[in-house]
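So you can see what is in the structure, the chains are spelled out below.
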Amino acid sequence: MDDFYSKKQDLLLNDNLDVLLKKIDEMDEYATQYFESVKIPENLEIYKYVSFKDQNEESNQRKILTIANNKIFVNDVGKQTDENDTILGKCEGNEIIKRNFKTFQSLLRTILKSASFTTSKDLPYMWEKYANNYNGICIKYLTLKNNKLHRMTYYERLVDITGLFTIINNLSRLSPEYREKAFNALNVFTNYKDKDKFEKEFEIRYSTTQELIDNGYEVPNGDIGITPLSIYIGSRVNQKDKDFLLKNVQNVAFYNYDN
């Protein structure tokens, strides 16, 4: 990641389109190599924790129907359970960016979407935090050959996002080819989390962009490269939600998970 910093420093607030495109090419090349290094192999069992809301049958049924339709709900990056789950935060040396950082951060989160998985169903921390203290489920998936998943990188310091402000401000000037390259580069910066706070989540992530989502925030399992195997039902899931789940979700095994 440190090598990435040096490639983008002179990009800061530079309105020269040729310079911008050259830097985006360099950042896209780095991003492609990075994602290749953290890609997830096929035939790996991974898990997704899903939280049900207390006394909100309608909301819980919507989540269950998404699962029944073999889809995953994706979120704005940074607007999952943790408002600041990525370590986008360091913008040294430029007062313009410092004054507009919240706007920049909001724009980035609007553009980028993600869904998170992990390595085990037996993580009490995950059941408590991401499955509403066992009022939820944990879905086991098998990764397919051409999946679009990658491991999260846990870092000991904030990632410097200084140069990205220019890319965000100039997206409208880019051709479709360069917009795709820019999104690839931007995705790298959302794949770093604070090591002390988040390393115990063992996160595996799927990332995409607003422009690539055709139907709201739901992405088919096949597009991600996963297939469901089984569902573990938390001990606090009420009977109505459990019955709706068993009735609507087909072709997977069900297990009660007792904490």
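Refer to the preceding data block for the structure.
What this report covers is the structure whose coordinates are included nearby. Only a predicted model underlies this, so the values are computations on that prediction, with no experimental measurement involved.

## Some remarks on the sheet that holds strand E14 (residues 253–256)
Read from one edge to the other, the open sheet built from four strands follows the order E1-E6-E13-E14, with strand pairing classed as mixed. Sheet topology places strand E1 (45–51) and E14 at the edges, where each strand pairs with a single neighbour. This sheet shows a mean twist of 25° between the axes of neighbouring strands, independent of strand direction. Pairing geometry for strand E13 (residues 226–233) and E14, over four bridges, is parallel. Note that in E14 the partner of Ile 231 across the bridge is Phe 254. Along the sheet, helix H11 (residues 239–248) contacts strand E6 (136–143), E13 and E14; its crossing angle with E13, the most-contacted strand, is approximately 150°.

## With respect to the packing of aromatic side chains
Considering all chains together, one arrives at seven aromatic pairs under this definition. Residues Phe 117 and Tyr 141 carry aromatic rings whose centres are separated by 5.8 Å and whose planes lie at 85° to one another, so their mutual orientation is edge-to-face. Residue Phe 117 is found in strand E5 (residues 112–117), and its partner Tyr 141 is found in strand E6; the two are separated by 24 residues along the sequence. Taken individually, Phe 117 and Tyr 141 each receive the classification buried, so the pair is uniform in this respect. Between Trp 127 and Tyr 257 the ring centres are 4.7 Å apart and the planes differ by 20°, which places this aromatic pair in the stacked class. Taken together, the positions of Trp 127 in helix H6 (residues 124–130) and Tyr 257 in the segment after E14 put the pair 130 residues apart, joining distant regions of the chain. The positively charged end of Lys 48 is found above the aromatic ring belonging to Phe 117, 5.3 Å away from the centroid.

## A closer look at the sheet that holds strand E11 (residues 204–209)
The strand order E3-E5-E11-E7 describes an open sheet built from four strands, whose pairing is antiparallel. Two strands close off the open sheet at either side, each with one partner strand: strand E3 (75–76) and strand E7 (149–151).

## A short note on the pattern of salt bridges
With the rule as written, the count across this model stands at 10 salt bridges. The residue Arg 62 makes a salt bridge to Glu 58 at a minimum N-O spacing of 3.5 Å. Here Arg 62 pairs with Glu 58, and both are found in helix H3 (residues 57–68), just four residues apart, close to one helical turn. On the basis of relative accessibility, which here comes to 57%, the residue Glu 58 falls in the exposed class. Here Arg 205 makes a salt bridge to Glu 203, at a shortest N to O gap of 2.9 Å. Of the two residues, Arg 205 and Glu 203, both sit in the buried class.

## As for the nonpolar core
Nonpolar side chains in soluble globular proteins generally cluster together in the buried interior. Phe 117, Ile 137, Leu 149, Tyr 206, Ile 226 and Ile 231 are the most contacted members of the largest nonpolar core, which has 26 residues in total. Elements with a minimum of two residues in this core: E1, H3, E5, E6, E11, E13 and H11. Aside from chain neighbours lying at most four places away, what touches Ile 137 is Lys 48, Tyr 49, Val 50, Phe 52, Ile 67, Trp 127, Ala 131, Ile 231, Tyr 232, Ile 233, Gly 234 and Leu 245. If you look at the next biggest cluster of nonpolar residues, it comprises 25 residues, including Phe 35, Tyr 155, Val 188 and Tyr 192.

## Regarding the packing of H3 against H11
Each pair of packed helices can be described by the angle between their axes along with the distance between the axes. One way to put it is that H3 packs onto H11 with a least axis distance of 10 Å and a crossing angle of 20°. One way to sum up the angle between H3 and H11 is to call them roughly parallel. Relative to H11, the crossing made by H3 is right-handed. Residues Glu 57, Asn 60, Gln 61, Ile 64, Leu 65 and Ala 68 of H3 pack against Lys 240, Asp 241, Phe 244, Leu 245 and Asn 248 of H11.

Definitions and cut-offs
- Residues numbered from 1 in each chain as written.
- Predicted model: local features only at pLDDT ≥ 70, side-chain atom pairs only at ≥ 80, totals over all residues.
- Heavy atoms only, no water.
- Pairing = 2+ DSSP bridges.
- Helix = DSSP H or I, 4+ residues; strand = E, 2+ residues; numbered from the N terminus.
- Axes fitted to C-alpha atoms, helices over the stretch in contact; angles between N-to-C directions.
- Contact = heavy atoms within 4.5 Å.
- Phe/Tyr/Trp six-rings, centres within 6.5 Å; stacked < 30°, edge-to-face > 60°.
- Buried < 20%, exposed > 50% of the residue type's maximum accessible area, 1.4 Å probe, protein only.
- Lys NZ or Arg CZ within 6 Å of the ring centre and 35° of its normal.
- Salt bridge = Lys/Arg side-chain N within 4 Å of Asp/Glu carboxyl O.
- Core = buried A, V, L, I, M, F, W, Y, C linked by side-chain atoms within 4.5 Å.
- Parallel < 35°, antiparallel > 145°, perpendicular 65-115°, else oblique.
- Left-handed = near helix turned anticlockwise from the far one by under 90°.

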